[in-house]
Amino acid sequence: MTYQLTSLVIGIALAATILTLVRRAHLHGPHALWWLVLAAGIILLGIWPRLTDLIAPYLGVGYPPIVAVLLGLGLMLVKMMSMDLQRSRQEQRIRRLAQRLAMLEAELATVREKPSSDLDSSTKD
Amino acid sequence: MILIPARDEAGSIVQVIIESRRQWGQVPIVVIDDGSRDGTRAAAVAAGAVLLPLPLHLGAWGAMQTGLRYAQRQGWDLAVTLDADGQHDPADIAALIAPILAGEADVVIGACPPRVSWARRLAWRYFRALSGIGLEDLTSGFRTYNRAAIDRLALPDATLLDYQDVGVLLILRHQGLRIREVPVTMRERNHGKSRVFNSWLTVVRYMLRTSVLILAGIGGNRHTSR
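Keep in mind that what you see is a predicted model, and the values were worked out from it rather than measured. (Residues numbered from 1 in each chain as written. Chains lettered and ligands numbered in written order. Predicted model: local features only at pLDDT ≥ 70, side-chain atom pairs only at ≥ 80, totals over all residues. Heavy atoms only, no water.)

Considerations on the confidence of the model for chain A
Then, in step 1: Overall, the prediction assigns chain A a mean pLDDT of 85, with 90% of residues at 70 or greater.
Then, in step 2: Low pLDDT, under 50, characterises residues 121-125 of chain A; the stretch is placed with zero contacts to residues that sit more than four places away or in other chains. (pLDDT = per-residue confidence, 0-100. Contact = heavy atoms within 4.5 Å.)

As structure tokens, this is what we get:
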């Protein structure tokens, strides 16, 4: 078994997994795209490992095989950063949602306390 | 509108509500409950306060902001915030409102620096030096806000703050709002402990997080954060 084959199998398995996850609605839009691009990159490097030899001189890297490793690490850091950004945005939304829920509950309590005639007239109209 | 954020303050909340009402009978008293497990909610409602029950634990500032958003939603031009543990005397509210009514300030902080420990004083000196905020009492929860301050602090970019102190003050300052301190007397806490300074690990985390906020210049660029 050559390393090309190993890489190819990993890439295809990854792509298949992503597509399955999307189909089952476990993974959505932008995330799925990111992972598919990653799978394509793995397949590409598997089929054509000499690619790093071509790129390395332009990046000033003396040992070409390390380019793939560095690229992987770099992408991982970018991915993690974007995950934290997204988590922060979600946290903000969740907090504001909780605040809004509390405000609405207070308003609901006020409405319920009002005499029923007020409510009747407003709902009938 | 009087805003009282509370978490597990069943032992003192009723007294605070009663005293506030004695001073300011007509003004709605709003208790923002930050996930109490001790009957604070029932006590607040029984004492006649409006209850904002948070479904998640948001922390001191999260609860405070909920109150400010509610005041904004209800169209109030003035919001007073009090701690639920009874350390703030509602009789001092008049002194806190005066500079706002006179148009001399947008935010007034009821300050009482001598009550704090040496460690806290040192921490504040550090934050004052780092942020350039020239206030004595950075953490006091006894404040009044006018409409401009309420509107600014109700925005989403203030939602990710965890504490109501330096970050909030920086946002206000970046907005060009005038902050004034008025000396008040703090009473002994009836109940409960400080939320910020209760363990060394919390202190370290708090110091680091707040330093990052200052270094990042929070509040300086609200357009991108909206």
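Some points on unusual backbone geometry
Then, in step 1: Non-glycine residue Ala25(A) carries a positive phi angle of around 60°.
Then, in step 2: Here Ala25(A) lies in the loop between helix H1 (3-23) and helix H2 (29-47).
Then, in step 3: Overall, Ala25(A) belongs to the exposed group, its relative accessible area being 65%.
Then, in step 4: Not every positive phi belongs to a glycine, and Asp8(B) is a case in point at roughly 50°.
Then, in step 5: In this fold, Asp8(B) is placed in the loop between strand E1 (2-6) and helix H1 (13-23). (Helix = DSSP H or I, 4+ residues; strand = E, 2+ residues; numbered from the N terminus. Buried < 20%, exposed > 50% of the residue type's maximum accessible area, 1.4 Å probe, protein only.)

Examining helix H8 (residues 200-216) of chain B
Residues and elements named next belong to chain B.
Then, in step 1: Look at H8: 24 Å from first C-alpha to last across 17 residues, which is about the 24 Å you get at 1.5 Å a residue.
Then, in step 2: Buried residues of H8: Thr 202, Val 203, Tyr 206, Met 207, Thr 210, Ser 211 and Ile 214, and no others. The arc that holds every buried residue of H8, seen down its axis, measures 160°, which confines them to one face. Looking at H8, the residues exposed on the side facing more than 90 degrees away from the buried face are Leu 201, Leu 208, Val 212, Leu 215 and Ala 216.
Then, in step 3: The inward-facing, buried residues of H8 contact helix H5 (118-131) and helix H7 (166-174).
Then, in step 4: Positive phi shows up at Gly 217, right after H8, with a value of about 70°. (Expected span 1.5 Å × (residues − 1). Arc of directions from axis to C-beta.)

Side note on the nonpolar core
Then, in step 1: Ranked by internal contacts, the top residues of the largest apolar core, which has 45 residues, are Trp61(B), Leu68(B), Leu138(B), Tyr145(B), Leu153(B) and Leu172(B).
Then, in step 2: Among the secondary structure elements, those contributing two or more residues to this core are helix H4 (65-113) of chain A together with strand E2 (29-33), helix H3 (59-73), strand E5 (107-111), H5, helix H6 (147-153), H7 and H8 of chain B.
Then, in step 3: Contacts of Leu138(B), omitting those with residues within four sequence positions, involve Trp124(B), Phe127(B), Arg128(B), Ile133(B), Arg143(B), Asp165(B), Val166(B) and Leu169(B).
Then, in step 4: Membership of the second largest hydrophobic core comes to 28 residues, among which are Ile17(B), Leu51(B), Val80(B) and Val108(B). (Core = buried A, V, L, I, M, F, W, Y, C linked by side-chain atoms within 4.5 Å.)

A few points about the interface of chain A and chain B
Then, in step 1: With 16 residues of chain A at the interface, the matching set in chain B holds 23 residues.
Then, in step 2: Taking both sides of the interface into account, the surface hidden between chain A and chain B amounts to around 1800 Å²; carbon and sulfur atoms contribute 57%.
Then, in step 3: Three residues stand out in chain A for area buried against chain B, namely Arg95(A), Arg96(A) and Met103(A), and they jointly supply 37% of the buried area on that side.
Then, in step 4: For the pair chain A and chain B, the interface holds two salt bridges.
Then, in step 5: Its salt-bridge partner being Asp162(B), residue Arg95(A) comes within 3.1 Å of it at the nearest N-O pair.
Then, in step 6: For the side of chain A that touches chain B, the residue count by class is seven nonpolar, three polar and six charged. (Buried area = accessible area lost by both parts, 1.4 Å probe. Salt bridge = Lys/Arg side-chain N within 4 Å of Asp/Glu carboxyl O. Nonpolar A, V, L, I, M, F, W, Y, C, P; charged D, E, K, R; others polar.)

Details of the pairing of E5(B)
Residues and elements named next belong to chain B.
Then, in step 1: In terms of burial, E5 is a largely internal element, five of the five residues being buried.
Then, in step 2: Taking every second residue as pointing to the same face, both faces of E5 are buried, with Val 107, Ile 109 and Ala 111 on one and Val 108 and Gly 110 on the other.
Then, in step 3: For E5 and strand E6 (residues 143-146), the ladder comprises three bridges, and the chain directions are antiparallel. Each bridged residue has a counterpart across the sheet, and for Val 108 the counterpart in E6 is Thr 144.
Then, in step 4: Looking at chain direction, E5 and strand E7 (residues 179-183) are connected through five bridges and run parallel. Within E7, the residue paired with Ile 109 across the bridge is Glu 181. (Pairing = 2+ DSSP bridges.)

Some points on the sheet that holds E6(B)
By way of backbone hydrogen bonds, the strands of a sheet pair with one another, either parallel or antiparallel.
Residue and element names in this part refer to chain B.
Then, in step 1: In space, the seven strands of this open sheet follow the order E3-E2-E1-E4-E6-E5-E7, with mixed pairing throughout. In this open sheet, the two strands that pair with only one neighbour each are strand E3 (50-53) and E7. The average undirected angle you get between the axes of adjacent strands in this sheet is 20°.
Then, in step 2: Bridge count for E1 against strand E4 (residues 78-81) is two bridges, and the pairing is parallel. Directly across from Leu 3, in E4, lies its bridge partner Thr 81.
Then, in step 3: In the packing of H7 onto the sheet, the strands contacted are E5, E6 and E7, and the crossing angle to E6 comes to about 30°. (Axes fitted to C-alpha atoms, helices over the stretch in contact; angles between N-to-C directions.)

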